[in-house]
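# Structure assessment
Given next are the chains, with one letter for each unit.
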Amino acid sequence: MNAFQIRYRNTQGTLMRIMNAVSRRALDLHYVHAEAAEHDHQVTLVLEVNQKQVGQLYREWYAIADVIHAGSGPAQATEWNSPHPPAGVTIDEPRPAARA
Amino acid sequence: MLKGADIVLQCLRAEGVDLVFGYPGGAIMPLYDALDGSGVRHILTRHEQGAVFAAEGYARVTGKVGVAMATSGPGATNLVTGIADAKMDSVPLVCITGQVRSALIGTDAFQETDVFGVTLSLTKWSRLVRTIDEIPEAIAEGFHWARSGRPGPVVIDIPTDMLKAKQEFSGPVKFTPHARPADAKADGGFTDTIVALLQQSSKPVALVGAGAKISGAIPELRRLLDHLNIPTFATVHGLGAVPQQAAYYLGMVGMHGTRAANTALHETDLLLVFGARLDDRVTGDPSRFAPHAKIVHFEIDPAQLDRVRPCNLPVIGNLADTIPAFDAELRRHALPDFAAWRSVACGPERAELDPRGLAQPTIRFLDELFGRLPKDSVILADVGQHQMWAAQRYHADSPRGFITSGGLGAMGFALPAAVGVQLAKPDTCVLCVSGDGGFQMNIQELATVHRLGLPIKMVIIDNKYLGMVRQWQQLFYERNYAETDLSDNPDFVDIAKAYKIHSFRVKEDVMREFPVSQETGDQIDRFLHSPEPELLVFDCAPEANVFPMVPAGAALSEMLLEEEPTQ
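### Here's the deal with the overall build of chain A
Within chain A, the secondary structure is distributed over three helices and four strands. Along chain A, from the amino end to the carboxyl end, the secondary structure elements read β-α-β-β-α-β-α.

### Brief notes about the overall build of chain B
Per the secondary structure count, chain B includes 23 helices and 20 strands. For a compact globule of 567 residues, the expected C-alpha radius of gyration is about 24 Å, and chain B comes in at 24 Å, within 12% of that figure. Dimensions along the principal axes, computed over C-alpha positions, put chain B at roughly 75 × 60 × 40 Å. Within chain B, the fraction of its 567 residues that count as buried is 54%. Considering only contacts in chain B between residues 6 or more positions apart, those separated by 24 or more positions represent 77%.

### Concerning the environment of B:Gln199
Looking at the element boundaries, B:Gln199 is found in helix α9 (residues 190-200). Ignoring sequence-local partners within four residues, the contact set of B:Gln199 consists of B:Leu335 and B:Pro336.

### Some thoughts on the pairing of strand β15 (residues 378-381) of chain B
All names here are of chain B. A two-sided burial pattern is seen for β15, the buried positions comprising Val 378 and Leu 380 on one face and Ile 379 and Ala 381 on the other. Of the pairings in the sheet, the one linking β15 to strand β17 (residues 430-435) comprises four bridges and is parallel in character. Looking across to β17, one finds that Ile 379 is bridged to Leu 431. Note: β15 against strand β16 (residues 402-404), three bridges, orientation parallel. Across the sheet, residue Leu 380 finds its bridge partner in β16, namely Ile 403.

### Some details on the nonpolar core
Counting 196 residues, the largest nonpolar core has B:Val8, B:Ala68, B:Leu93, B:Leu221, B:Phe274, B:Leu380 and B:Cys432 as its most contacted members. With residues up to four places along the chain from it excluded, the contact list for B:Phe274 reads B:Ala206, B:Leu207, B:Val208, B:Gly209, B:Gly211, B:Ala212, B:Leu221, B:Phe298 and B:Leu319.

### Some details on the environment of B:Pro531
Looking at where B:Pro531 falls in the secondary structure, it is placed in the loop between α23 (518-529) and β20 (534-539). When the C-alpha atoms of B:Pro531 and B:Met511 are compared, they prove to be 25 Å apart, with 20 residues separating the residues in sequence.

### Looking at the interface of chain A and chain B
Residue-level contacts link 14 residues of chain A with 16 residues of chain B. Among the elements of the structure, α1 (14-23) and α2 (51-62) of chain A are those that each provide at least two residues to the side of chain A that touches chain B. Considering every element that reaches the side of chain A that touches chain B, the biggest residue donor is α2(A), with five residues. Along the lines of polarity and charge, the residues of the side of chain A that touches chain B split into four nonpolar, six polar and four charged.

### Re the packing of helix α11 (residues 218-228) of chain B against helix α14 (residues 319-330) of chain B
All names here are of chain B. Here α11 crosses α14 at 30°, and the two axes come no closer than 9 Å. When the interaxial angle is binned, α11 and α14 end up roughly parallel. Where α11 crosses over α14, the handedness of that crossing is left-handed. The residues of α14 that touch α11, namely those facing Glu 220, Leu 221, Arg 223, Leu 224 and His 227, are Leu 319, Ala 320, Ile 323, Pro 324, Phe 326, Asp 327 and Leu 330.

### Things to note about the domain arrangement of chain B
Residues and elements named next belong to chain B. Under the domain assignment used here, chain B contains domain 1 (2-178), domain 2 (183-350) and domain 3 (357-558). Taking only C-alpha atoms into account, the centre of domain 2 sits 30 Å from that of domain 3. Contacts between the two partners involve 24 residues from domain 2, matched on the other side by 24 residues from domain 3. The dominant element in the side of domain 2 that touches domain 3, judged by the number of residues it contributes, is helix α12 (residues 259-267), at five residues. When the residues that make up the side of domain 2 that touches domain 3 are grouped by side-chain class, the tally is nine nonpolar, 10 polar and five charged.

### Quick word on the sheet that holds strand β13 (residues 294-299) of chain B
Residue and element names in this part refer to chain B. With parallel pairing, six strands are arranged side by side in an open sheet as β11-β10-β9-β12-β13-β14. The sheet is open, and its two borders are formed by β11 (249-252) and β14 (313-316), each paired with just one other strand. Here the average twist between neighbouring strands, direction ignored, is 15°. Bridge count between β13 and β14: four bridges; the pairing is parallel. When the bridges of β14 are listed, Val 296 appears paired with Leu 313. Of the strands in this sheet, β9 (204-208), β10 (232-234) and β11 are in contact with α12, which crosses β11 at around 105°.

### Points about the pairing of strand β2 (residues 29-37) of chain A
Residues and elements named next belong to chain A. Note: β2 against strand β3 (residues 40-47), eight bridges, orientation antiparallel. The residue of β3 that forms the bridge with Leu 29 is Leu 47. Adjacent in sequence and paired antiparallel, β2 and β3 are bridged by two residues, among which Glu 38 carries a positive phi angle near 55°.

### Things to note about the sheet that holds β16(B)
Residues and elements named next belong to chain B. Read from one edge of the open sheet, six strands run β16-β15-β17-β18-β20-β19, paired in parallel fashion. One side of each edge strand has no neighbouring strand; the edge strands of this open sheet are β16 and β19 (502-506). The mean angle between the axes of side-by-side strands here comes to 20°, regardless of whether they run parallel or antiparallel. Here six bridges tie strand β18 (residues 457-462) to β20, and the two strands are oriented parallel to one another. Considered in β20, the bridge of Ile 461 is made with Phe 538.

### What about the packing of helix α3 (residues 48-62) of chain B against helix α18 (residues 414-424) of chain B?
Residues and elements named next belong to chain B. At a minimum axis distance of 6 Å, the contact between α3 and α18 shows a crossing angle of 45°. Considering the angle they form, α3 stands oblique to α18. Here α3 and α18 pass one another in a crossing that is right-handed. Facing α3, whose interface residues are Gly 50, Phe 53, Ala 54, Ala 55, Glu 56, Gly 57, Tyr 58, Val 61 and Thr 62, α18 presents Pro 416, Ala 417, Ala 418, Val 419, Gly 420, Val 421, Leu 423 and Ala 424.

Each value, and the rule that gives it
- Residues numbered from 1 in each chain as written.
- Chains lettered and ligands numbered in written order.
- Predicted model: local features only at pLDDT ≥ 70, side-chain atom pairs only at ≥ 80, totals over all residues.
- Helix = DSSP H or I, 4+ residues; strand = E, 2+ residues; numbered from the N terminus.
- Rg over C-alpha atoms; globule rule 2.2 N^0.38 Å.
- Buried ≥ 20, exposed ≤ 12 C-beta atoms within 10 Å, placed from the backbone.
- Contact = placed C-beta atoms within 7 Å.
- Pairing = 2+ DSSP bridges.
- Core = buried A, V, L, I, M, F, W, Y, C linked by C-beta atoms within 7 Å.
- Nonpolar A, V, L, I, M, F, W, Y, C, P; charged D, E, K, R; others polar.
- Axes fitted to C-alpha atoms, helices over the stretch in contact; angles between N-to-C directions.
- Parallel < 35°, antiparallel > 145°, perpendicular 65-115°, else oblique.
- Left-handed = near helix turned anticlockwise from the far one by under 90°.
- Domains from an automatic or database assignment.

Take a look at the structure:
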């Protein structure tokens, strides 16, 4: 698995374009987290990819108008296997569906 | 105070737009209401797909941004094929779509579609306008992305209430792009490397793609190729970039390329690629594509590198910059003598076979048509067998003279695109070649042709089949002609007459005479020089095939040169 950090301007659709480069290749996405980073935003993706796909992803991400930087490194398994949703988040009881 | 619709039109004018193609509807009505007196001429097509293809035709022949307009929902979704086509073929295109009013967005309102989402993966850039303030900036930025770098499609989706709202308007704005890593350009160091590669090479070749035309670097490219004097070939979008009479030019490469081009590409030890994506129709089996070659790839879009086959040296940048730099350095060095390789690769034993078999009359017909065209005519080909025959027989030197849907292969492209081309080039002869299948996909645009009196010369190569699919069924599916029979086609001559367009039929028998009779030649001349729109239906043998052909998944060296004799 590889972890990718992509820095981008948080304009309309930019995050979706970054994700689309992944989904159009039907890659397994193990983890995704997007957050503000100084003046920009950053998304971290953990993907199962081969070397050829890494090159394709980089080039496709860089072709997106508001991507600033893309970098990668080996994924740390413990870091990406945390519970989902995060343990601190509570989920409200679902409301009963309205019936006609 | 100006309405949002007026601001849109003023911003379009500021971008140099004086012609748009579209189809009105509910959400975009305020924009149509503002057209009169805006300085923007609107061309009403009879389907939104016709509008977007017409805008593409305009853009492809001029190099300017084409603009298409449509309403929300079905109007916008009907643009999608054209948007995908523009993405594949690097066509600068801006689509402006009306959207339901802001308060209704996300409610599944009448004629609401998430156009931004639908087109996200097909566009280079897009924007759903949220306030009237955003309109000038969205249009300026959209046009910037459409025309910059590798050109492509942009969608600007504007809710109808933004078009109706009023606002103080201080004038169109300029968009200043931020620096991007993708803008990194090749430094001068690449030239030394290529010179060294050439000096080590004994069988170099050059491949020319659409980027050569888009960059506007045709004179520089031709000067470089003349100096290199190595076997050279073109993709379907590179046709016209290389002078046809050049002794080193081998024609089109790829699935239906010439045997000389495909053979040279298979044998080369150094491949110089100028502005081509190297897609699968060019490479054949990528693992056996140019198996002995080092590849130098001149390309403006880094995303196109290494997609199918890794290159040894990427040269990122606009060909208008990189070709002159390369050429200047090259002239400072002595190159090996490639005469022996040239005489093999460009020699008579690899020349094309004379057309034979069932396709012979159709090929002769295209030769007659193309040979009688005025200089600088523009030929549009739809998608299918006729497209490949036309590409094979195109022998003009006009860089934007052959237009087709290459990457997407969208049937129905040619007729509406011809509308855009003819409007952009009113004094140019525009010849639109379609098949009987593709012509019916946008046949309604005959009404647009008639309304505007555009003197487009339309040809249908009528084999009463979806011919290319049928050819594959014949060769690879044991002649199981599943759902490709169009023998119940309407009479196209009668249909054209219903649209008040003069039309006539030519039987393929007249092309069996060689040279053609005076009467047939005169008929073709009259057709090509008529000041009115005309439709010529050419009866083609139902089972005529396109050769050479590289079967899907095969190497270029495994091309089929002609029909296997049947037992």
